[in-house]
Amino acid sequence: MSSDDPATPETKRVHERPLSRMGRRRFVKTLAAAGFGAASASHLSAGDFAGIDEDRVPIVYAIARDDPDDPTQITPRVRTVAAEWYDDLRAALSARDTLDLTDTDGVLDVYVVPGDHDDGTSASIAVNVRSDSVLAELDGLTDEVPIEGSVVEGLGKEDDESATPRHRYDPTEGPAVPGGVPVGDANGIATLTPALYDPEVDERFFATADHLYAGSASVRSELSVLVDGGRTPIGEVHRRHGEEDVVLVRATGEFEPTHALEGALPNRVVGQFSRIGLADLKARGVEIHKIGATTGHSSGRIQAVDGISCVYGDPCKRGQLKWGRESDFADGDSGSVSYRPDPKNPDEGVLVCGMNTARTWWPGEDYVWGTGAYVLHERYGYTF
């Protein structure tokens, strides 16, 4: 799923074109010219526009496996939204990218806040800065999209907490290790994600937060699953992605990654939401969930999407998802995923929203954040 490159034309005008008579290349170019993002344009078909009201447009809200056991076959999931809402969102994404506010010294993060479907609120850009003087620099930068700025005070070193896992992996359940269980190296613990599939090597990997290995000089560090009575090695580090804060671990011995999430109902993982899909979840005001090794299950609403966070310095982390409350996350939960039941088959599987790797620890802000799942597919082809 390639990036939904922002643009601002009226997408509803695409209904005026004879889409069903176009070849594939012309069809994709027509959608792109009308303002559809590259991800939607490349995955949609003329049939997705058939019978839709002229003031609505289809979006690709997720990619998923129709056969949960076959990671090689993924298909787009499509629903319709108001064209006005979609255009408004893409205008905000475009303005955010054009302004590139993180180049301004003192800007800590920049997020896009989608408007709501029901009350007709417009999308906005949310910015956290270090001082009132920085906030003043942002005033009047754009008349098209509101910029809502906040000054963060008391941003110092995050308090360290001892992590006590809420539950541990039970090896008697078999060699397939699900996401949501505590894992670690010699220095600490984190939470295992569901299996990540890399199509380049046609292999499933264990994965968790890369900062578990912060300061590690070895590229072959072990990852262990926590069991009653100690730790059992399950793999060795294969690839680290520091900017996205994810590490892939190749399974060793009898253990194997699985597309499942311990404690989720249902627990089968069948895919992941797209960027526009996360914006749609925010616009509908629905809750997403997470299973963390320390705090267990929690749920909350998405606050903002597609963020650029520079809270931890350079390089800034892009494609960040902001949701829930600070209390939804604690040390040891890093690497956990946020998720929601698959809208197509809610009793059979869940779709991943993103990874959780940090929380606020300063006054005035209250949320969890981490890299959106779509980023891992967009950059590396990985699917949950």
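The paragraphs below set out a description of the structure included in this document. (Residues numbered from 1 in each chain as written. Predicted model: local features only at pLDDT ≥ 70, side-chain atom pairs only at ≥ 80, totals over all residues. Heavy atoms only, no water.)

In terms of helices and strands, the protein carries six helices and 22 strands. Relative to a compact globule of 384 residues, whose C-alpha radius of gyration would be 21 Å, the protein shows 21 Å and is just as compact. Referenced to the eigenvectors of the C-alpha coordinate spread, the extents of the protein come out at roughly 65 × 50 × 35 Å. Buried positions account for 54% of the 384 residues belonging to the protein. Put simply, 62% of the contacts in the protein that link residues at least 6 apart link residues at least 24 apart. For the protein, the exposed area adds up to about 16200 Å²; of that, 43% sits on carbon and sulfur atoms. Of the charged side chains in the protein, 38 are positive and 65 negative; the average position of the first set lies 5 Å away from that of the second. (Helix = DSSP H or I, 4+ residues; strand = E, 2+ residues; numbered from the N terminus. Rg over C-alpha atoms; globule rule 2.2 N^0.38 Å. Buried < 20%, exposed > 50% of the residue type's maximum accessible area, 1.4 Å probe, protein only. Contact = heavy atoms within 4.5 Å. Areas by Shrake-Rupley, 256 points an atom, 1.4 Å probe, with all protein chains shown as cover. Lys, Arg positive; Asp, Glu negative; His and termini not counted. Charge placed at Lys NZ, Arg CZ, Asp CG, Glu CD.)

Let us now look at the state of the cysteines. Here the structure, examined in full by the defined rule, presents one disulfide. Note that Cys-310 is cross-linked by a disulfide to Cys-316, the S-S spacing being 2.0 Å. The chirality of the disulfide connecting Cys-310 with Cys-316 is right-handed, given an S-S dihedral of about 105°. With a relative accessible area of 11%, Cys-310 lands in the buried category. (Disulfide = S-S within 2.5 Å.)

All right, on to the sheet that holds strand 11 (residues 222-227) then. In space, the seven strands of this open sheet follow the order 8-7-11-12-13-10-9, with antiparallel pairing throughout. At either end of the open sheet lies a strand with only one pairing partner, and these are strand 8 (189-191) and strand 9 (196-198). Each neighbouring strand pair of the sheet contributes to a mean axis angle of 45°, computed without reference to strand direction. The sheet contact formed by strand 10 (residues 203-208) and strand 13 (residues 246-251) spans three bridges and is antiparallel. Across the sheet, residue Thr-208 finds its bridge partner in strand 13, namely Val-247. (Pairing = 2+ DSSP bridges. Axes fitted to C-alpha atoms, helices over the stretch in contact; angles between N-to-C directions.)

Before going further, it helps to examine the packing of helix 3 (residues 83-99) against helix 5 (residues 275-284). Viewed as axis vectors pointing N to C, helix 3 and helix 5 meet at an angle of 115°, and their least axial separation amounts to 12 Å. Relative to helix 5, helix 3 is oriented so that their crossing is right-handed. On helix 5, the residues that touch Trp-85, Tyr-86, Leu-89, Leu-93 and Arg-96 of helix 3 are Arg-275, Ile-276, Ala-279, Asp-280 and Ala-283. Across the contact of helix 3 with helix 5, the residue classes tally to seven nonpolar, no polar and three charged. (Left-handed = near helix turned anticlockwise from the far one by under 90°. Nonpolar A, V, L, I, M, F, W, Y, C, P; charged D, E, K, R; others polar.)

The next point concerns the side chain of Arg-359. Positionally, Arg-359 belongs in strand 21 (residues 358-359). In terms of polar contacts, Arg-359 uses its side chain to reach the side chain of Asp-331, at 3.5 Å. (Polar contact = N/O pair within 3.5 Å; in protein donor to acceptor, adjacent residues only side chain to side chain.)

Judged by nonpolar contacts, the single largest core of 54 residues is most densely connected at Phe-36 and Leu-278. Looking at this core, the element that brings in the most residues is helix 3, giving seven residues. Setting aside anything within four residues of it in sequence, one finds Phe-36 in contact with Thr-11, Val-14, Leu-31, Leu-44, Phe-49, Val-57, Pro-58, Tyr-86 and Arg-90. Counting 18 residues, the second-largest nonpolar core is a separate cluster that includes Ala-264, Tyr-339, Val-350 and Ala-373. (Core = buried A, V, L, I, M, F, W, Y, C linked by side-chain atoms within 4.5 Å.)

Cis geometry marks the peptide bond from Leu-265 to Pro-266; its omega dihedral reads -10°. Within the element layout of this structure, Pro-266 appears in the loop between strand 14 (256-261) and strand 15 (269-273). A positive phi angle, close to 50°, is found at Asp-202, a residue other than glycine. Within the secondary structure, Asp-202 sits in the loop between strand 9 and strand 10. Notably, Asp-245 is not glycine yet its phi reads approximately 55°, a positive angle. Position of Asp-245 among the secondary structure elements: in the loop between strand 12 (230-241) and strand 13.

Residues of helix 1 (residues 24-34) that are buried: Phe-27, Thr-30, Leu-31 and Ala-34. Buried residues along helix 1 cover an arc of 95° about the axis, so they all sit on one side. In this structure, helix 1 carries Arg-25, Lys-29 and Ala-33 as exposed residues pointing more than 90 degrees from its buried face. Looking at the buried residues of helix 1, the elements they touch are helix 2 (38-43). Looking one or two residues beyond helix 1, the residue adopting positive phi is Gly-35, at roughly 110°. (Arc of directions from axis to C-beta.)

Attention now goes to the environment of Thr-102. Tracing the backbone through its elements, the reader meets Thr-102 in the loop between helix 3 and strand 3 (107-113). Thr-102 sits in the buried class, given a relative accessible area of 15%. Not counting the four nearest positions on each side in its chain, Thr-102 is found in contact with Val-107, Val-110, Ile-308, Cys-310 and Arg-318.

Taken by themselves, the reported measurements are silent on function.
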